[in-house]
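Tertiary structure, described
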Amino acid sequence: MCPHGVDGTAAVKLPGSGDTPGTPIKLDGTTASIDVDVAAPAAHATVAAPGLLGFNADVIAVGGKSYVKTSLTGPLYQE
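To start, this report covers the structure provided alongside it. Since this is a predicted model, take the numbers as computed values, not measurements. As a convention, each chain's residues are numbered from 1 in the sequence order in which they are written. Totals for whole chains, interfaces and linings use all residues, but because this is a predicted model, local features are given only for residues with pLDDT of at least 70 and pairs of side-chain atoms are given and counted only at 80 or more. Think of the side-chain values as coming from all heavy atoms in the structure, minus any hydrogens and water.

1. What about unusual backbone geometry?
A cis amide bond links Ala-40 with the next residue in sequence, Pro-41, at an omega value of -25°. Helix and strand labels come from DSSP, where a helix needs a run of H or I of at least four residues and a strand needs a run of E of at least two; each type is numbered from the N terminus. Topologically, Pro-41 is positioned in the loop between β4 (30-37) and β5 (42-49). In this structure, Leu-53 is a non-glycine residue whose phi angle is positive, near 60°. The residue Leu-53 is located in the loop between β5 and β6 (55-62) in this model.

Next comes the structure, spelled out in structure tokens:
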């Protein structure tokens with residue numbers, strides 16, 4: 001795995017919010033990593049963004065299928 005972290009802020013603007021400026025979201029502690037098996041082919045990726053309401057995601061791609069689990073969809077993987 002090759003984890004990478006992000007610090008700082010990003011302005012997030014919701015669609016339909018007109019000319020209002022984006023809301024600053026802290027990215028401190030946000031991480032992402034990916035592990036790719038080119039020979040298989042297969043991949044496993046994770047993302048954690050504590051500043052976005054504790055969002056995290058885990059994605060596995062193997063055998064032509066993808067399995068996703070996020071903090072928004074619950075504790076089980078979805079194909």
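Anyway, onward from the coordinates.
2. Things to note about the pattern of salt bridges
Salt bridge, as used here: a side-chain nitrogen of Lys or Arg that lies within 4 Å of a carboxyl oxygen of Asp or Glu. For the structure on display, the rule yields one salt bridge. Between Glu-79 and Lys-65 there is a salt bridge, and its shortest N-O distance comes to 3.5 Å. Taken as a pair, Glu-79 in the segment after β7 (65-70) and Lys-65 in strand β7 lie far apart in primary sequence, 14 residues in all. We classify Glu-79 as exposed; its relative accessible area is 66%. Buried means the residue's accessible area, taken with a 1.4 Å probe over protein chains only, is under 20% of the maximum for its type, while exposed means over 50%, and partly exposed covers the values in between.

3. As for the side chain of Asp-58
Locating Asp-58 in the fold gives a position in strand β6. Although buried, Asp-58 forms no salt bridge, and the nearest oppositely charged side chain, Lys-69, lies 5.0 Å from it. Each polar contact in these results corresponds to two N or O atoms within 3.5 Å; when the atoms are within protein, one needs to be able to donate a hydrogen and the other to accept it, and residues that are neighboring in sequence are counted only if both atoms are side-chain atoms. A polar contact of 2.5 Å, which involves the side chain of Asp-58, links it to the side chain of His-44. Contact between two residues is taken to exist if any of their heavy atoms lie within 4.5 Å; hydrogens are not considered. Residues within four places of Asp-58 in sequence aside, it is in contact with His-44, Ala-45, Thr-46, Tyr-67, Val-68, Lys-69 and Tyr-77. Charged residues are defined narrowly, with Lys and Arg counted positive, Asp and Glu counted negative, and His plus the chain ends left uncounted.

4. Observations regarding the pairing of β6
Side chains on a regular strand alternate between the two faces of the sheet. A pair of strands is labelled paired if DSSP reports no fewer than 2 bridges between them. Pairing between β5 and β6: eight bridges, direction antiparallel. Within β6, the residue paired with Val-47 across the bridge is Ala-57. As consecutive antiparallel partners, β5 and β6 are separated by five residues, and within that stretch Leu-53 has a phi angle of approximately 60°, a positive value. One ladder, built from six bridges, connects β6 with β7; its direction is antiparallel. What sits directly across from Val-59, in β7, is Val-68. Adjacent in sequence and paired antiparallel, β6 and β7 are bridged by two residues, among which Gly-63 carries a positive phi angle near 60°.

Function cannot be inferred from these measures alone, as they are strictly geometric.
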